[in-house]
Structure formats: C-alpha cells, structure tokens
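Below, each chain spelled out in residue letters.
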Amino acid sequence: LPVDRKYPFKSGVNIMFGCNNFCSYCIVPYVRGRERSRKPEEIVAEIKRLVADGVVEIMLLGQNVNSYGKNLEEPMTFAQLLREVNKIEGLKRIRFMTSHPKDLSEELIDAMRDCEKVCLHLHLPLQSGSSRILKLMNRRYTKEQYLDLVDRIRAKVPDVSLTTDIIVGFPGETEEDFLETRKFLEKVHFYEMHIFKYSRRKGTVADKMKEQVADTVKSERSAVLLALEKAQSLEYRKMYIGKRLEVLIEELTEIDGRSYYTGYTKNYIRVAIAAGEFKDNPVNDIYECMADKLICDGVTILARYN
C-alpha cells in the first residue's frame, strides 16, 4: 500500500517481525509472536522502489535484526543481507536496529566495516551492567561478554558510535547492582544512553518477581544515570569539533530564534548549519562541513559549510 512518509528522503524497512528472546520484562514475544523474516528479494525490491521515489537513507527494522533469516527456506544471515542492500544503486546510507548482543556475529562486524553505505552507528541495548541482573532479565550474556563484543566492534570499526538502553529498578536490583551498572557505563562510554525506569507488564516473568523496587529508588537511580549520559554525550560530541563531517540535511529548523538546516552524520551526530550559507534548498543532500562549536546545551554541533 502507499506510504505517507514524514521525510521523502529516508524510510524504515521492516525485514522481520516478532521475537524469540523472551526477556523477562518484555511483552513483545507474546503480542507479536515468534520471529518471521521477510524474503531478501522482497526487501531488496522494496528498497529499490523507495530509492526510485527519492529515498537515500533506509533503516532496516526488526525486534532483533541480528537473528534475521534463520526461518527462511534458504537461510541468510543479516550480514549477508546488509551486503546485498549495500549494492543497491542510488542508496547512500543504511542504518539498522535493534541488535541483540547475544546474536551479534563477527560476520556482521566485518560487514559493517566493509560496506561503505552502512552508517557508523550501532544501537546495542545493554539493559544492565550487573551480570546477576542480566541473568534475571534472561538476556543470555554477561557484562564481560558484552564488553568483549564492544572491544571487537571498536577494533574493526573504530569510528562507530555506540548507543544503548538501560533499565533501572529491575526487580531485585540492589544498590550494589546499580553501582556495578554505573561503573560499567563509565568504562564503556556510550555516545548516548536511553535510561528507562522498569515498568511492570502483565503476563511477563518479571511482573511476578518479588523484590519489586520502589518508584522513589527508580527515580533516584535514573537521575544519576541521566546525568552520566549527559556528561558522556557532551564529551563524545566535543571530539568532533574542528573536524570535517558529512551531513545528510533533513530539515529547516529554528534554534534560539535563528534558522538552521539540520541533519545527521553517519555516526548519528546532529549538526546545524546556518540557513544563510546555502543559496539553494539543501534538504535531501549530503554536504561536507567543518564542525565549529556546540550549541543547544551541547546536543548539536554547529558547523560551517562555506
């Protein structure tokens, strides 16, 4: 069916539906069913139609894209799919989410390194820096295994920006577990962290767990990690000041009463360029610019195009 897209130049493309992981806090497998992968030829055909319609950036979507292809008649890995999509003429950027750490293979890391259209951004939900809590969450990896994965990714894709999800106040999370998480986050140093206070979902294993954490404690722990996230994100962005960046311009935005064209780099850093620097409308094109300084409380890089 026809799709009404917010942006004419980028679009999401579902490559699979459902989930097999059954994390103890999550209702998704119960309401969306088990994993079902679309045929690769259908995915490639859809992307080609989108590119013909002006799309230059696509986001491959799935509850766990790393397990793509396992239920196909002719199994295909997600890394193989990435390489096929990378061949599509006219497509300039490929993003994907979400990746489950337990299924992220060396083959996928190699594909990220080799495919020039794949963006240097990986969202890799951690959920907790305590191996004890990770086991209760049924995440099926330890913090040590997660750290080893991060090290291997950064070794082969050094410019990658890592973002993550964290749940605070999971049933049974002690102060020691929380401090372990905070220390782990300080060590990994993510570009961005999405902090969530644990929310009960009827029908999940975690909803029936004893030792539910008080809301006041969740709020306190959330505030601590939000402050850490803000500091680390600011530090990460500062690394790019004075460097040349490639930006896909998305829209005209007003910031502090002035007009800017804003967009994102391949590693998902938001950049603003003064509207007056362009003679023509730059939306939907990729421009190289020089990062000048941080604005908007450090969230956006102000860059010079001319």
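A quick note: this is a predicted structure, and the numbers were derived from the prediction, not measured. (Residues numbered from 1 in each chain as written. Predicted model: local features only at pLDDT ≥ 70, side-chain atom pairs only at ≥ 80, totals over all residues. Heavy atoms only, no water.)

**Some points on the overall build of the protein chain**
Scanning the protein chain for helices and strands turns up 8 helices and 13 strands. Relative to a compact globule of 306 residues, whose C-alpha radius of gyration would be 19 Å, the protein chain shows 20 Å and is just as compact. Its C-alpha atoms put the protein chain at 60 × 50 × 35 Å along the principal axes. Within the protein chain, the proportion of its 306 residues that are buried is 53%. Sequence separation of at least 24 residues holds for 73% of the intrachain contacts in the protein chain that already meet a minimum separation of 6. As displayed, the protein chain has an accessible area near 15,100 Å², and 50% of this comes from carbon and sulfur atoms. Once the 49 positive and 46 negative side-chain charges of the protein chain are each reduced to a mean point, those two points are 3 Å apart. (Helix = DSSP H or I, 4+ residues; strand = E, 2+ residues; numbered from the N terminus. Rg over C-alpha atoms; globule rule 2.2 N^0.38 Å. Buried < 20%, exposed > 50% of the residue type's maximum accessible area, 1.4 Å probe, protein only. Contact = heavy atoms within 4.5 Å. Areas by Shrake-Rupley, 256 points an atom, 1.4 Å probe, with all protein chains shown as cover. Lys, Arg positive; Asp, Glu negative; His and termini not counted. Charge placed at Lys NZ, Arg CZ, Asp CG, Glu CD.)

**Points about the layout of surface pockets**
Space inside the largest pocket adds up to approximately 580 Å³. What lines the largest pocket is a set of 26 residues, and nearest its centre among them are Tyr25, Cys26, Gln63, Gln127 and Ile167. Among the elements of the structure, helix H1 (28–32), strand S7 (161–168) and strand S8 (192–197) are those that each provide at least two residues to the lining of the largest pocket. Tallied by class, residues from the lining of the largest pocket come to 13 nonpolar, 9 polar and 4 charged. In this model, the second largest pocket occupies a volume close to 280 Å³. Met59, Arg95, Met97, His121 and Tyr268 are, among the 20 residues lining the second largest pocket, the residues nearest its centre. (1 Å grid on protein atoms, 1.4 Å probe; cavity = no way out; pocket = protein on both sides within 12 Å on 5 of 7 lines; lining within 4 Å. Points joined across faces, edges and corners; volume = space filled by probe spheres on them. Nonpolar A, V, L, I, M, F, W, Y, C, P; charged D, E, K, R; others polar.)

**Looking at the pairing of strand S9 (residues 244–255)**
Where S9 lies against strand S12 (residues 286–295), 5 bridges are found, and the strand directions are antiparallel. Bridge pairing links leucine 245 to cysteine 289 in S12. As judged from the 7 bridges shared by S9 and strand S10 (residues 258–264), these two strands associate in the antiparallel manner. Looking at the pairing, isoleucine 249 lines up with glycine 263 of S10. (Pairing = 2+ DSSP bridges.)

**Observations concerning a nonpolar patch on the surface**
On the surface, Tyr30, Val31 and Val205 cluster together to form a nonpolar patch covering roughly 300 Å² of accessible area. Among the secondary structure elements, valine 31 is positioned in helix H1. Residue classification places valine 31 among the exposed residues on the basis of a relative accessible area of 60%. (Patch = residues over 30% accessible without salt bridge, like charges linked within 9 Å, V, L, I, M, F, W, Y side chains within 5 Å. Salt bridge = Lys/Arg side-chain N within 4 Å of Asp/Glu carboxyl O.)

**Concerning the state of the cysteines**
Inspection of the entire model under this criterion finds 0 disulfides. Here cysteine 23 is not cross-linked by a disulfide; its sulfur's nearest cysteine counterpart is in cysteine 26, at 6.2 Å. Judged by relative accessible area, cysteine 23 falls into the buried class, the value being 8%. Its sulfur unpaired, cysteine 289 is 15 Å from the next cysteine sulfur, which belongs to cysteine 119. Exposure remark for cysteine 289: the relative accessible area of 0% places this residue in the buried category. (Disulfide = S-S within 2.5 Å.)

**Considerations on the environment of threonine 174**
Residue position: threonine 174 is located in the loop between S7 and helix H7 (175–188). For threonine 174, a relative accessible area of 30% gives the class partly exposed. For the pair threonine 174 and glutamate 211, spaced 37 residues apart in sequence, the C-alpha to C-alpha distance is 9.6 Å. Residues contacting threonine 174, with those up to four places away along its chain left out, are Arg132 and Arg221.

**Concerning the sheet that holds strand S5 (residues 93–97)**
The 3 strands lie next to each other as S1-S4-S5, forming an open sheet whose pairing is parallel. Single-partner strands in this sheet number two, and they are strand S1 (10–14) and S5. Averaged over all neighbouring strand pairs, the angle between strand axes comes to 25°, with direction disregarded. Note: S1 against strand S4 (residues 57–61), 5 bridges, orientation parallel. Residue pairing in the sheet places asparagine 14 in a bridge with leucine 61 of S4. On top of the sheet, helix H2 (residues 40–52) reaches S1 and S4; it is set at about 165° to S1, its chief contact. Across the face of the sheet, helix H3 (residues 78–86) comes into contact with S4 and S5 while running at roughly 155° to S5. (Axes fitted to C-alpha atoms, helices over the stretch in contact; angles between N-to-C directions.)

**Description of the nonpolar core**
Counting residues in hydrophobic clusters, the biggest one holds 67 residues, and the most contacted among them are Ile47, Ile58, Leu60 and Phe78. Contacts of phenylalanine 78, omitting those with residues within four sequence positions, involve Ile15, Leu60, Val65, Asn66, Tyr68, Phe96 and Leu108. The next biggest cluster of nonpolar side chains, apart from the first, holds 16 residues, and it includes Tyr191, Leu245, Tyr287 and Ala291. (Core = buried A, V, L, I, M, F, W, Y, C linked by side-chain atoms within 4.5 Å.)

**Remarks on a negative patch on the surface**
There is a patch of like negative charges on the surface, built from Glu41, Glu42, Glu73 and Glu74. Here glutamate 42 is to be found in helix H2.

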